[in-house]
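Here are the chains, one letter per residue:
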Amino acid sequence: MQAFEIQSMTCGSCAGRITRAIKDLDPQARIEVDLKSRTVRIDTTEDSPSMMAVLTEAGYPPKPLSA
């Protein structure tokens, strides 16, 4: 499980765009979004650099958290 803080995620639309970006990379990923704490937890077979790259490309640069 990977966890990221995404300070630029401020609303449900942001969460939806983040979810779609992750699903485009890994359609099987399980995603937990917490808007209040601005965190995303991702259960995926993709590596962390790939997840960070896709989130940054989507306009939501992540900060890795200890999972």
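Below, the structure is looked at part by part. Remember, predicted model here, so these are calculated numbers, not experimental data.

Remarks on the pairing of strand 2 (residues 30-34)
Inference 1: The sheet contact formed by strand 2 and strand 3 (residues 39-43) spans five bridges and is antiparallel. By the bridge assignment for strand 3, Val33 is matched with Val40.
Inference 2: What sits between strand 2 and strand 3 in their antiparallel hairpin is a turn of four residues, with Arg38 showing a positive phi close to 55°.

A few points about the nonpolar core
For soluble globular proteins, nonpolar side chains are generally found buried alongside one another.
Inference 1: Ile6, Met9, Ile18, Ile22, Val40, Ile42 and Leu55 are the most contacted members of the largest nonpolar core, which totals 15 residues.
Inference 2: Among the elements of the structure, helix 1 (12-25), strand 3 and helix 2 (48-57) are those that each provide at least two residues to this core.
Inference 3: Counting residues per element, this core draws most heavily on helix 1, at five residues.
Inference 4: Beyond its immediate sequence surroundings of up to four residues, Ile42 is in contact with Met1, Gln2, Phe4, Ile22, Ala29, Arg30 and Met51.

Parameters and conventions
- Residues numbered from 1 in each chain as written.
- Predicted model: local features only at pLDDT ≥ 70, side-chain atom pairs only at ≥ 80, totals over all residues.
- Heavy atoms only, no water.
- Pairing = 2+ DSSP bridges.
- Helix = DSSP H or I, 4+ residues; strand = E, 2+ residues; numbered from the N terminus.
- Core = buried A, V, L, I, M, F, W, Y, C linked by side-chain atoms within 4.5 Å.
- Buried < 20%, exposed > 50% of the residue type's maximum accessible area, 1.4 Å probe, protein only.
- Contact = heavy atoms within 4.5 Å.

By themselves, these observations are geometric and do not establish any function.
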